[in-house]
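Tertiary structure, described
Here is how the chains run, residue by residue.
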Amino acid sequence: MRLDIISIFPEYFAPLDVSLIGKARERGTLDVRVHQLRDWAYDVHRTVDDTPYGGGPGMVMKPEVWGEAIDAVIGASAIPSGARSGGYAQGPGEDEGRGEGEARATPQPSATGSVGPQPVVPGADAQTTVEPGTVEPGTVEPATVASRTPALPRMIVPTPSGRPFSQELAQELAQEPWLLFACGRYEGIDSRVMEEYSGRLRVDEVSIGDYVLAGGEVAVLVMVEAVGRLLPGVLGNAQSVVDDSFAPGSMENLVEGPVYTKPPVWRGHEVPAVLLSGHHGNVARWRRDEALRRTVRNRPELAAALDPAKLDKHDRKLLDELSFRVRRKDVAN
Ligand code: ADE
């Protein structure tokens, strides 16, 4: 899978070098490219925002800069070799105010003929940021990545006003060969950007929860981790994905119950005997009971949405005991 991320804070994505996602990148399962939005700004201050029409507090991200950036990132894909000719330029200053850095008057064509800066590509074979000018112009991506890259990505815009991110959406996104994340800051991105690209790409505005973050970067980290761990070969045990909380299938609308490891007794707390019994059927039943208990306790709204047709007699009895009755007429035998 290829992931492009456009942001004014590329540094936010350093954690993608680590752990499961870092290893997936090393192996070439994930090809992550982080782009500095300001590289597509025109003025000397590399401005990416302006005051909102209609008044109000805060600033809105300018459509022209986003348009240039997205065109360059999705357009560059048409060139199959995808040469790496430089890293992202740091935005002017660490804060979100207007910076004072140097700006290019016009984005420069790169070695590939694409317009705009080439991304850092710490993908299949690079984990470190590539300094501009240090990579030979002829450097080419592994053929596997280039040949797998489809014509256009699915675009995800993190925003608190988007559709909720869920395990189901993570599974859907994990089927995509190419995702482009556009990280807004301030009050968000001028809406015409989403309107413009909706004509060409599948565009989803997505929220990771009912709270407001300072920008989309952390939301993208969350989504990349949730999607990345679902890719084939990323988790050691493929069954983990099936047993996940919320996983479509038998865990739909359920959260997982408690887990234990050795020793069997710790500070007087015992591991439930059934887990030591070696009886797989009983262990599975116990796990499901615990998932139901926890869901009722911590997530009653999910428990209310359990599909009665997917509950067996034992489930219903347990839910009754927990005083969480599923309407009889909805229950299939
Ligand atoms: N940007 C700011 N808050 C967000 C949220 N809750 N989800 C996604 N993107 C965001």
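Overview of the pattern of salt bridges
One pass over the full model with this rule turns up 24 salt bridges. E196 is the salt-bridge partner of R200, the closest N and O atoms lying 2.6 Å from each other. Linked through salt bridges whose partners overlap, the residues forming this network are R154, R163, E172, E176, R202 and D204.

Re the sheet that holds strand β7 (residues 203-207)
Strand order in this open sheet of 5 strands is β2-β1-β6-β5-β7, and the pairing throughout is parallel. Here the strands that pair on one side only, and so sit at the sheet edges, are β2 (31-36) and β7. Taking each pair of neighbouring strands and ignoring which way they run, the sheet shows an average axis angle of 30°. Both strand β5 (residues 154-164) and β7 contribute to a ladder of 6 bridges, which runs parallel. By the bridge assignment for β7, M155 is matched with V203. Lying over the sheet, helix α5 (residues 191-198) contacts β5 and β7, oriented at roughly 135° with respect to β7.

Observations regarding the packing of aromatic side chains
All told, the structure shown has 1 aromatic pair when counted by the stated rule. The interplanar angle of 65° and the centroid separation of 6.1 Å between the aromatic rings of F9 and Y12 together place this pair among those described as edge-to-face. Classification of F9 as buried rests on a relative accessible area of 9%. Among the residues examined, Y12 registers a relative accessible area of 32% and is labelled partly exposed.

Details of helix α9 (residues 280-298)
Over its 19 residues, α9 extends 26 Å from the first C-alpha to the last, a length consistent with the 27 Å expected when each residue adds 1.5 Å. The complete set of buried residues in α9 reads V283, W286, R288, D289, E290, A291, L292, T295 and V296. Tucked inside the fold, the buried residues of α9 contact α8 (273-276), α10 (300-304) and α11 (313-321).

A closer look at the nonpolar core
Counting 32 residues, the largest nonpolar core has F165 and F181 as the members making the most contacts within it. Elements represented by at least two residues in this core include exactly β1 (2-7), α1 (19-27), β2, α4 (167-174), β6 (178-182) and α6 (217-228). Here the element with the most residues in this core is α6; it accounts for 7 residues. When near neighbours in sequence (up to four residues on either side) are disregarded, F181 contacts L3, D4, I5, I6, I156, V220, M223 and V224. Counting residues in hydrophobic clusters, the runner-up holds 25 residues, among them I6, W66, I74 and M155.

Structural notes on α4
Looking only at α4, the buried set comprises Q167, L169, A170, L173 and A174. Angularly, the buried residues of α4 cover 160° about the axis, an arc narrow enough to put them on a single face. In the core, the buried residues of α4 are packed alongside β5, β6, β7 and α6.

A look at the site of the ligand
Residues in contact with the ligand, as listed here, are P158, T159, P160, V206, S207, I208, G209, Y211, V212, L213, G215 and A219. T159 places a polar main-chain atom, nitrogen or oxygen, 3.1 Å from a nitrogen atom of the ligand. Considered on its own, the ligand offers 260 Å² of accessible surface; in the complex 97% of this is hidden by protein. Counting residues per element, the shell around the ligand draws most heavily on β5, which supplies 3 residues. When the residues that make up the shell around the ligand are grouped by side-chain class, the tally is 8 nonpolar, 4 polar and no charged.

Side note on unusual backbone geometry
Look at the link from K262 to P263: it is a cis peptide, with omega at 5°. A positive phi is found at Y186, a non-glycine position, where the angle reads about 55°. Following the sequence through the fold, Y186 ends up in the loop between β6 and α5. Even without being a glycine, S323 presents a positive backbone phi close to 60°. Mapped onto the secondary structure, S323 falls in the segment after α11. Take S323: its relative accessible area is 59%, and that puts it in the exposed class.

Procedures and definitions
Residues numbered from 1 in each chain as written. Predicted model: local features only at pLDDT ≥ 70, side-chain atom pairs only at ≥ 80, totals over all residues. Heavy atoms only, no water. Salt bridge = Lys/Arg side-chain N within 4 Å of Asp/Glu carboxyl O. Pairing = 2+ DSSP bridges. Helix = DSSP H or I, 4+ residues; strand = E, 2+ residues; numbered from the N terminus. Axes fitted to C-alpha atoms, helices over the stretch in contact; angles between N-to-C directions. Contact = heavy atoms within 4.5 Å. Phe/Tyr/Trp six-rings, centres within 6.5 Å; stacked < 30°, edge-to-face > 60°. Buried < 20%, exposed > 50% of the residue type's maximum accessible area, 1.4 Å probe, protein only. Expected span 1.5 Å × (residues − 1). Core = buried A, V, L, I, M, F, W, Y, C linked by side-chain atoms within 4.5 Å. Arc of directions from axis to C-beta. Near = heavy atom within 4 Å. Polar contact = N/O pair within 3.5 Å; in protein donor to acceptor, adjacent residues only side chain to side chain. Areas by Shrake-Rupley, 256 points an atom, 1.4 Å probe, with all protein chains shown as cover. Nonpolar A, V, L, I, M, F, W, Y, C, P; charged D, E, K, R; others polar.

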